[in-house]
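Here's the letter readout for the chains.
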Amino acid sequence: MTFVNHFDISLWKICDGYYHQHQALCLELQDNHQLNVNLLLLSLWLDKQDYLLSAQDWTHLQSETHQWEERVLLPYRKLRKLSKNSLASDEYQQMLNVELMLERKSQGLILHKLRQLSHFGKSSNLGTYLSLFNLNKADYPSLI
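Computed from a prediction, not measured in an experiment: that's the story for all the values here.

**Q** How should I be thinking about the layout of surface pockets in this particular structure?
**A** Gaps between atoms show up when a probe of the same size as a water molecule is rolled over them. Space inside the largest pocket adds up to approximately 520 Å³. Grouping the amino acids of the lining of the largest pocket by side-chain chemistry returns eight nonpolar, six polar and eight charged. By volume, the second largest pocket amounts to about 280 Å³. Around the second largest pocket, the lining is made up of 17 residues, and of these Gln 30, Gln 34, Leu 35, Leu 74 and Arg 77 lie nearest the centre. For the lining of the second largest pocket, the secondary-structure elements that each account for two or more residues are helix 2 (23-33), helix 3 (37-48), helix 4 (55-71) and helix 5 (73-83). Among the residues forming the lining of the second largest pocket, the class breakdown is four nonpolar, seven polar and six charged.

**Q** Hey, could you run me through unusual backbone geometry in this one?
**A** Peptide bonds are, in most cases, trans, and in most cases residues other than glycine have a negative phi. Even without being a glycine, Gln 34 presents a positive backbone phi close to 60 degrees. Inspection of the secondary structure puts Gln 34 in the loop between helix 2 and helix 3. By relative accessible area, Gln 34 is classed as exposed at 51%. A positive phi angle, near 55 degrees, is found at Asp 50, a position not held by glycine. Structurally, Asp 50 can be placed in the loop between helix 3 and helix 4.

**Q** Whenever I open this one, the packing of aromatic side chains confuses me. Can you help?
**A** The geometry of an aromatic ring pair is captured by the separation of the ring centres together with the interplanar angle, meaning the angle of the planes. Enumeration according to the criterion identifies two aromatic pairs in this entry. Between Tyr 129 and Phe 133, the ring centres sit 5.3 Å apart and the planes meet at 70 degrees, which makes this aromatic pair edge-to-face. For Phe 133, a relative accessible area of 19% translates into the label buried. Among the aromatic residues, those joined into a cluster by ring pairs are Trp 58, Tyr 129 and Phe 133.

**Q** Would you mind showing me how to read helix 4 here?
**A** Compared with the 24 Å implied by 1.5 Å per residue over 17 residues, the 24 Å span of helix 4 between its first and last C-alpha is a close match. For helix 4, the full list of buried residues reads Asp 57, Trp 58, Leu 61, Gln 62, Thr 65, Trp 68 and Glu 69. Buried positions in helix 4, seen along its axis, are confined to an arc of 140 degrees and lie on one side of it. Turned more than 90 degrees from where helix 4 packs its buried face, Gln 56 and Arg 71 sit exposed. Where helix 4 is buried, its residues touch helix 3, helix 5, helix 6 (89-114) and helix 7 (125-131).

**Q** Would you explain the pattern of salt bridges in this entry?
**A** Where charged atoms from two side chains of opposite charge come close, those side chains can pair. Tallying each qualifying case throughout the model produces six salt bridges. A salt bridge links Arg 104 to Asp 16; the shortest N-O distance between them is 3.2 Å. Here Arg 104 is found in helix 6, whereas its partner Asp 16 is found in helix 1 (residues 11-21), with 88 residues between them in sequence. In this structure Arg 104 comes out as partly exposed when scored by relative accessible area, which is 33%. For Asp 16, a relative accessible area of 25% translates into the label partly exposed. Between Glu 64 and Lys 113 there is a salt bridge; the shortest N-O distance is 3.3 Å. Of this pair, Glu 64 sits in helix 4 while Lys 113 is found in helix 6, placing the two residues 49 residues apart along the sequence. Using a relative accessible area of 15% as the deciding quantity, one classes Lys 113 as buried. The network of salt bridges with shared partners includes Arg 77, Arg 80, Glu 99 and Glu 103.

Cut-offs and rules
Residues numbered from 1 in each chain as written. Predicted model: local features only at pLDDT ≥ 70, side-chain atom pairs only at ≥ 80, totals over all residues. Heavy atoms only, no water. 1 Å grid on protein atoms, 1.4 Å probe; cavity = no way out; pocket = protein on both sides within 12 Å on 5 of 7 lines; lining within 4 Å. Points joined across faces, edges and corners; volume = space filled by probe spheres on them. Nonpolar A, V, L, I, M, F, W, Y, C, P; charged D, E, K, R; others polar. Helix = DSSP H or I, 4+ residues; strand = E, 2+ residues; numbered from the N terminus. Buried < 20%, exposed > 50% of the residue type's maximum accessible area, 1.4 Å probe, protein only. Phe/Tyr/Trp six-rings, centres within 6.5 Å; stacked < 30°, edge-to-face > 60°. Expected span 1.5 Å × (residues − 1). Arc of directions from axis to C-beta. Contact = heavy atoms within 4.5 Å. Salt bridge = Lys/Arg side-chain N within 4 Å of Asp/Glu carboxyl O.

Written out as structure tokens, the structure is:
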């Protein structure tokens, strides 16, 4: 069995655990540096699998994901945040649920792109991904 067979939707269940463990930091990195939380979590998972992607692969993943999210997810997220004070709590929860569905679509896109990449990286995925945003993984020891 090749490693690519491990890239299925179940890896996001593990990543959800990472998210709950580091939720505040993930959201801070998303809001302050425009990191993609799904890619950040993926970098942690891949590091634990000793499956290293190149900087070029991370740039490609970031670019492809950002293009889709810029058209669909990010405008919706902005609308949800702007609507928060004008909606009943159940309506706001419905918006959160739609955003979660869009996040899952983004995860599917990431998996599709990931299956097309080879693993020829030479350093930590987390470090490589953070470096795309001029960040250093040593500044985030809780993620290591």
